Amino acid sequence: MQDGNGLDHLAGERAMAQFDLQAMKVYLAGGQREYEISTKMAQLVANDPVFSKEDRVRLARKDLYKNSLRKAGHAWKTILEKGLSEVEGLKLRHFVDEPTYTDLHWGMFIPAIKGQGTEEQQHKWLPLAYKMAIIGCYAQTELGHGSNVQGLETTATFDPTTDEFIMHSPTVTSTKWWPGGLGKASTHALVYARLITDKKDHGIHAFIAPIRSLEDHTPLPNVTVGDIGVKFGNGGYNTMDNGFLRFDHVRIPRENMLMRLATVTKDGKYVRSNKPRQLGYGAMVFVRQGIVIDASIYLSRAVTIAVRYSAVRRQFGNKDEPGELQVIQYRTQQSRLFPLLATAYAYRAVGFWMKSLYADVMKRLNDNDFSTLPEVHACTAGLKSITTSVTADGIEECRKLCGGHGFLCASGLPELYAAYVPACTYEGDNTILLLQVARFLLKTLSQVSKVRPVGTAAYLGNIKQLSTQNCKVSQGHDWLNTSVLLEAFEARSARQAAAVALRLAKGSGSEAEFQENTPELVESARAHCQLILVSKFIEQLQTGTPEGIRKQLEVLCYTYAFSQLIDNAGDFLATGYVTGNQIALAKEELKHMFDKIRPNAVALVDAFDHTDDYLGSALGRYDGDVYTHLYKGAFKESLNDTVVVDGYEEYLKPVLTQNLWAPHSKL
Ligand SMILES: CC/C=C\C/C=C\C/C=C\C/C=C\C/C=C\C/C=C/C(=O)SCCNC(=O)CCNC(=O)[C@H](O)C(C)(C)COP(=O)(O)OP(=O)(O)OC[C@H]1O[C@@H](n2cnc3c(N)ncnc32)[C@H](O)[C@@H]1OP(=O)(O)O
Ligand SMILES: Cc1cc2nc3c(=O)[nH]c(=O)nc-3n(C[C@H](O)[C@H](O)[C@H](O)COP(=O)(O)OP(=O)(O)OC[C@H]3O[C@@H](n4cnc5c(N)ncnc54)[C@H](O)[C@@H]3O)c2cc1C
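Quick caveat: nothing in here was measured; it's all calculated off a predicted structure.

Cut-offs used in this document
- Sequence positions are assigned chain by chain, starting from 1 and proceeding in written order.
- Chains carry letters and ligands carry numbers; both start at the beginning, A for chains and 1 for ligands, and go up in the order they are written.
- For a predicted model such as this one, the threshold for reporting local features is a pLDDT of at least 70, and the threshold for listing and counting side-chain atom pairs is 80 or more; totals across whole chains, interfaces and linings nevertheless cover every residue.
- Residues are classed as near a molecule or strand if the C-beta position derived from their backbone is within 6 Å of it.
- A helix here means a DSSP run of H or I that spans at least four residues, while a strand means a run of E at least two residues long, and both kinds are numbered starting from the N terminus.
- Each residue receives one of three labels: charged for Asp, Glu, Lys and Arg, nonpolar for Ala, Val, Leu, Ile, Met, Phe, Trp, Tyr, Cys and Pro, and polar for the others, Gly being one of them.
- Residue ranges assigned to each domain were obtained from an automatic or database domain assignment.
- For helices, the fitted line uses only the C-alpha atoms of the stretch in contact; every axis is such a line through C-alpha atoms, and the angle between N-to-C directions lies from 0 to 180 degrees.
- Between 65 and 115 degrees an angle is taken as roughly perpendicular, under 35 as roughly parallel, over 145 as roughly antiparallel, and anywhere else as oblique.
- Note on contacts: each residue gets a C-beta atom placed from the backbone, and two residues are in contact if those atoms are within 7 Å.
- A pair of strands is considered paired only if DSSP assigns at least 2 bridges between the two.
- Using C-beta atoms placed from the backbone, we call a residue buried if 20 or more other C-beta atoms fall within 10 Å of its own, exposed if 12 or fewer do, and partly exposed for counts in between.
- UniProt positions are given in the numbering used here, feature names are shortened, and annotations may be inferred rather than shown by experiment.

Asks: What exactly am I supposed to notice about the site of ligand 1 here?
Replies: As a matter of local geometry, ligand 1 sits amid 31 residues, with Gly-107, Tyr-281, Gly-290, His-377 and Gly-428 nearest to it. Those elements that place two or more of their residues in the shell around ligand 1 are helix H6 (101-116), helix H8 (282-312), helix H10 (373-401) and helix H12 (430-446). Sorting elements by how many residues they give to the shell around ligand 1 places H8 first, with 6 residues. Classifying every residue of the shell around ligand 1 gives 13 nonpolar, 13 polar and 5 charged. Structurally, the shell around ligand 1 is a two-domain feature, drawing no fewer than three residues from each of domain 1 (109-274) and domain 2 (282-606).

Shown next as structure tokens:
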């Protein structure tokens, strides 16, 4: 979508494209309707001055937060006034492009009530939440515990004499700490606390606690609440009011405990339902599945900036060609940049698949079928972990790929990184999540002779064959076969998992031995997730991709798979499945893929359809007019508000005119 001044410095690049750009845009948007909604919402946001992102990195925290409240309020008003649908509203929020309290309200508070509330409770709370008459957050993490949910200390003690729970924060470490939207905006918190009835601790359950007055927004009696402070980077995640919260024996009605998974009766009896307690983690699973597509979006933004800039930027040259070379011509630039481009495409395809996986498990849960829950948990946890780690590192790599100018906030990359990098921690620390995948793999392997693995773990059913047969590639083009590639990833993953499982099986089964093997367990989980990513990219590509884009997607798919193979060559070699020579052949094939991407590179990032407003980058502009806009941008810098800097009289002038230190100088 062009919104520059008409002069297209990248026109030559675009003329080289060999695929149907429009069809690719529609594919990446997830369909024609999604594409149209996206286009409409992007324009709506770009044309509304309230949503301007200008100066965000220069604002002081108070102003930044107030402006973010203004935008969130305006977004809600726009949704209501224009009668936007849910999908349109979500897209509008997406283009407003800053973390805010409504994310937690819609993304976690409401899903948790839906998943854990009884019908009666949903009836009571959801209408209020849907019209935003209350604002909710998800208050799970505490100062002392985040990953270890079972270690949370906040208590909810039932008092049968008044039919109430007493919410209490018994220690400093029990202070709720981090929940987004809690600090300043929320009126209600979904609090995870230890349920205690008749002195018995039943473990962690969810409660809806009112925390601020609906009259004047002041904290309710005996509630201490506020913002935890400035976070990493300028702008970035600082638009969010991550908060702290303490209760001092605060009473809430018994009905405020979400009772779909367990109930407390009026006389204080605790009754568990026959549903798995892990459903209490449902809101996390929901967000984790959404994070995969989100990773693709963030990575594609960074890659769009780096590809366009690399096509504009010229350095050095060679005696065979006149003028200087575009840096995108350099093999080293291509070998750092094109795999990231392919990764953004891979995550988009896998993100679409995740949505269908999630829809399927929700349907099953409604029918009381819990059989696929462990696999879905492993998939969402594992792919959340891998995709956020790679994306955060990928954004930083794109910054470096843009040289010095990438370090300027005008490139858009520092703020993008600051906003994105906490995704490696929230919704589950990435190592903790890989350990969950590893536990799932160990369990699957331990039962493999009795229970045939299904879904993404099905390949483990062929463990014998995968452990004995080696890769048959003898020439480069042998790698250009998706079955050959898939088998390589399956064999590597199966062998890594089997090796660590065997080592553990030979031991005493102690927790210490498990701990000793956690680095290998994490590596085997990563191998399993990389297999899922490669296999689902291939699968998506083979199911109904339009003709005009299939070839390019194939090139990207091979690029992704080869670069994964090469980046993890050590693991592949250590399993004995491939030889050094086979890896070398894959490297050559990867270079051929780079040659195929090169003429399409700019069009492939155009296909993500990020507007200039959304990208917010002088380097990634659609028209490639980088230097004019970097130069113009410098005049927006507040230090340049005056020609002579504020501070000259007090601090510069004495240095320049009084020669204060000169008599003592040895120079
Ligand atoms: C940017 C967002 C992008 C897109 C999202 C799209 C839409 C949503 C829109 C907006 C969202 C808005 C904003 C998001 C941004 C930030 C918000 C951040 C929020 C948070 O961070 S909330 C707090 C998150 N906290 C965690 O993730 C904690 C991590 N810890 C855990 O998950 C658990 O404690 C852990 C590590 C799994 C251990 O739990 P526990 O001790 O209870 O279990 P065990 O280890 O004993 O395991 C028991 C058993 O249960 C299985 N299991 C564990 N978890 C799950 C699960 N979630 N589902 C199913 N099953 C689970 C486990 O495997 C064991 O099985 P086994 O007995 O071995 O068979
Ligand atoms: C921006 C942001 C927004 C957030 N929003 C929310 C929110 O809305 N609601 C909410 O409730 N929470 C929220 N959180 C909290 C977040 O979910 C937790 O920070 C996260 O789950 C990690 O937990 P932790 O901080 O306790 O890390 P820790 O578990 O203390 O991790 C510290 C280190 O120890 C390692 N480690 C810990 N245990 C093990 C182990 N068993 N084996 C090996 N290594 C281990 C980890 O890998 C990590 O390297 C947010 C956090 C951030 C940064």
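Asks: For this particular structure, what's the right way to read the packing of H12 against helix H14 (residues 482-506)?
Replies: A pair of packed helices can be characterised by two numbers: the angle between their axes and the separation between those axes. H14 packs onto H12 with a crossing angle of 75° between their chain directions and a minimal axis gap of 10 Å. By the criterion of interaxial angle, the relationship of H12 to H14 is roughly perpendicular. Counting all contacts with H12, which are made through Leu-441, Leu-442 and Leu-445, the residues of H14 involved are Ala-497, Ala-498, Ala-501 and Leu-504.

Asks: Can you help me understand the sheet that holds strand S8 (residues 243-247) in this one?
Replies: Strand pairing in a sheet takes place through backbone hydrogen bonds and is either antiparallel or parallel in direction. With antiparallel pairing, the 3 strands of this open sheet are ordered in space as S4-S8-S7. Sheet topology places strand S4 (176-177) and strand S7 (223-227) at the edges, where each strand pairs with a single neighbour. Relative to S8, S4 is paired through 2 bridges, and the arrangement is antiparallel. Note on S8: the bridge partner recorded for Lys-176 is Leu-245.

Asks: Which parts of the structure should I look at to understand the pairing of strand S5 (residues 188-197)?
Replies: Successive side chains on a regular strand alternate, one facing one side of the sheet and the next facing the other. Most of S5 sits inside the fold, with 8 of its 10 residues counted as buried. Here strand S1 (residues 136-139) runs beside S5; their pairing, made up of 4 bridges, is parallel. Opposite Ala-139, over in S5, you have Val-191 as the bridge partner. Relative to strand S6 (residues 200-210), S5 runs antiparallel, the two being bridged by 9 bridges. Residue pairing across strands places Ile-196 opposite Asp-201, the latter belonging to S6. As consecutive antiparallel partners, S5 and S6 are separated by 2 residues, and within that stretch Asp-198 has a phi angle of approximately 45°, a positive value.

Asks: Looking at this model, I keep getting lost on the environment of Lys-62. Mind explaining?
Replies: Following the sequence through the fold, Lys-62 ends up in helix H4 (residues 61-81). Taking C-alpha positions, Lys-62 is 9.3 Å from Thr-239, a pair spaced 177 residues apart along the chain.

Asks: Just checking my understanding: could you explain the UniProt feature "binding site: FAD" (unreviewed entry) in the protein for this structure?
Replies: Here, UniProt's "binding site: FAD" (unreviewed entry) annotation points to Thr-141 and Gly-180. Annotated residues spanning 40 residues; largest pairwise C-alpha distance 10.6 Å, indicating a single compact cluster. Structurally, Thr-141 is set in the loop between S1 and strand S2 (155-159). Here Thr-141 is in contact with Gly-146, Trp-177, Trp-178 and Pro-179, once residues within four sequence places are set aside. Along the chain, Gly-180 falls in the loop between S4 and S5.

Asks: I would appreciate a short explanation of the site of ligand 2 in the present structure.
Replies: Around ligand 2 sit 20 residues in total, of which Gln-140, Thr-141, Gly-146, Ser-147 and Trp-178 are the nearest. If you list the elements that add at least two residues to the shell around ligand 2, you get S1 and H12. Class assignment for the residues of the shell around ligand 2 results in 9 nonpolar, 10 polar and 1 charged. Both domain 1 (109-274) and domain 2 (282-606) contribute no fewer than three residues apiece to the shell around ligand 2.

Asks: Teacher, can you tell me more about the domain arrangement of the protein here?
Replies: Where interface size is given, it is often the accessible area lost as the parts come together that is meant. The domain boundaries assigned to the protein delineate domain 1 (109-274) and domain 2 (282-606). Here the C-alpha centroids of domain 1 and domain 2 sit 36 Å apart. Taken together, the contact between domain 1 and domain 2 spans 12 residues of the former and 12 residues of the latter. Ranked by the residues each element gives to the side of domain 1 that touches domain 2, the list is headed by H6, at 4 residues. When the residues that make up the side of domain 1 that touches domain 2 are grouped by side-chain class, the tally is 5 nonpolar, 7 polar and no charged.

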